[in-house]
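# Topology and contacts: notes
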Amino acid sequence: IINYMANETILEKTKGYYKAEHLEELEKLEHQLRFQSFGSQEALALGGKILKNTEQAEKLAIRIIRVSDKVPVFQYVGNQAKERNLSFVQGKIKTVLKTEHNSLWSLVAHHVGEITLTETEIHSQLPVSGAFPIKVGEELVAVIGLSGLKNGDDFRVLVAGMADCLSFQAEPFTGFLI
């Protein structure tokens with residue numbers, strides 16, 4: 001019930017915040033953040049880059065799951081991270097698995113009328129920033145989720161880490177980060 005209330009508030013709180021351009025921006029970013037190959041070693045490297053790129057590593061919970069069997073191939077829980085951060089990561093990962101887009105995409109897509117988040121989906125997912133699909137070509141091979149930071153920093157730190165891993169300079173997202 002608490003999760004549902006929180007998510008309903010997210011939908012209300014962000015009403016009127018997003019335009020179709022924001023959705024296009026997110027899709028372009030996902031396209032740019034594709035890997036040549038991705039396995040356990042790349043997951044370890046990606047996790048390391050994310051932790052290296054933030055001063056707030058102790059607050060973070062990070063999980064990377066392999067899509068084929070849902071096995072976590074990387075996990076980090078900082079000393080100040082809480083169990084709830086791992087539940088948030090799981091909710092964000094579920095959102096990515098449902099759409100094959102980043103977790104914020106669902107929220108933006110809902111607001112611009114591209115998709116409709118059902119009550120059931122709102123219960124079981126967490127359509128806020130902080131999880132990204134990991135694709136090799138067109139194939140979704142893994143999902144990374146991150147939680148523990150505030151004001152859209154989950155998104156910023158995650159994108160910076162992925163971009164760093166791919167030696168790519170990502171454009172900052174111009175929409176509201178939640």
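This is a predicted model, so every value here is computed, not measured. (Residues numbered from 1 in each chain as written. Predicted model: local features only at pLDDT ≥ 70, side-chain atom pairs only at ≥ 80, totals over all residues. Heavy atoms only, no water.)

## Observations regarding the pairing of strand E1 (residues 61–66)
Successive side chains on a regular strand alternate, one facing one side of the sheet and the next facing the other. Where burial is concerned, most of E1 is hidden: 5 out of the 6 residues are buried. One ladder, built from 5 bridges, connects E1 with strand E2 (residues 72–77); its direction is antiparallel. Residue pairing for E2: Arg63 is matched across the bridge by Gln75. Two successive antiparallel strands, E1 and E2, enclose a turn made up of 5 residues, where Lys70 displays a positive phi of approximately 60°. Both E1 and strand E4 (residues 139–147) contribute to a ladder of 6 bridges, which runs antiparallel. From the neighbouring strand, Ile62 faces E4, where its bridge partner is Leu146. (Buried < 20%, exposed > 50% of the residue type's maximum accessible area, 1.4 Å probe, protein only. Helix = DSSP H or I, 4+ residues; strand = E, 2+ residues; numbered from the N terminus. Pairing = 2+ DSSP bridges.)

## Some words on the layout of surface pockets
If you add up the space inside the second largest pocket, you get close to 190 Å³. Along the walls of the second largest pocket sit 14 residues, with Arg156, Val159, Ala170, Glu171 and Pro172 positioned nearest its centre. For the lining of the second largest pocket, the class distribution of residues is 10 nonpolar, 1 polar and 3 charged. (1 Å grid on protein atoms, 1.4 Å probe; cavity = no way out; pocket = protein on both sides within 12 Å on 5 of 7 lines; lining within 4 Å. Points joined across faces, edges and corners; volume = space filled by probe spheres on them. Nonpolar A, V, L, I, M, F, W, Y, C, P; charged D, E, K, R; others polar.)

## Topic: the packing of helix H3 (residues 40–52) against helix H7 (residues 153–165)
Here H3 crosses H7 at 125°, and the two axes come no closer than 8 Å. Between H3 and H7, the crossing angle belongs to the class labelled oblique. Here H3 and H7 pass one another in a crossing that is right-handed. The residues of H7 that touch H3, namely those facing Ala45, Leu46, Lys49, Ile50 and Lys52, are Val157, Leu158, Gly161, Met162, Asp164 and Cys165. (Axes fitted to C-alpha atoms, helices over the stretch in contact; angles between N-to-C directions. Parallel < 35°, antiparallel > 145°, perpendicular 65-115°, else oblique. Left-handed = near helix turned anticlockwise from the far one by under 90°. Contact = heavy atoms within 4.5 Å.)

## Digging into the packing of aromatic side chains
If you walk through the whole model with that rule in mind, you get 4 aromatic pairs. The structure contains a cluster of three or more aromatic residues connected by ring pairs, namely Phe132, Phe155 and Phe173. (Phe/Tyr/Trp six-rings, centres within 6.5 Å; stacked < 30°, edge-to-face > 60°.)

## What about the confidence of the model for the protein chain?
Residues of the protein chain with pLDDT of at least 70 account for 95%, and the chain-wide mean is 90. Within the protein chain, E1 carries the highest mean pLDDT (98), whereas helix H1 (residues 2–13) carries the lowest (64). (pLDDT = per-residue confidence, 0-100.)

## Topic: the pattern of salt bridges
Any two side chains of opposite charge can pair, so long as their charged atoms come close to each other. Enumeration over the complete set of coordinates arrives at 7 salt bridges. The salt bridge partner of Glu138 is Arg34, with a shortest N-O separation of 2.8 Å. Of the two residues, Glu138 is situated in the loop between strand E3 (131–136) and E4 and Arg34 in the loop between helix H2 (20–32) and H3; the sequence distance between them amounts to 104 residues. A relative accessible area of 61% means that Glu138 is categorised as exposed. Across the salt bridge formed by Lys92 and Asp154, the nearest N and O atoms sit 2.8 Å from each other. Taken together, the residues Lys92 in helix H4 (residues 83–99) and Asp154 in helix H7 connect sequence positions 62 residues apart. Exposure remark for Lys92: the relative accessible area of 3% places this residue in the buried category. Linked through salt bridges whose partners overlap, the residues forming this network are Lys49, Lys52 and Asp164. (Salt bridge = Lys/Arg side-chain N within 4 Å of Asp/Glu carboxyl O.)

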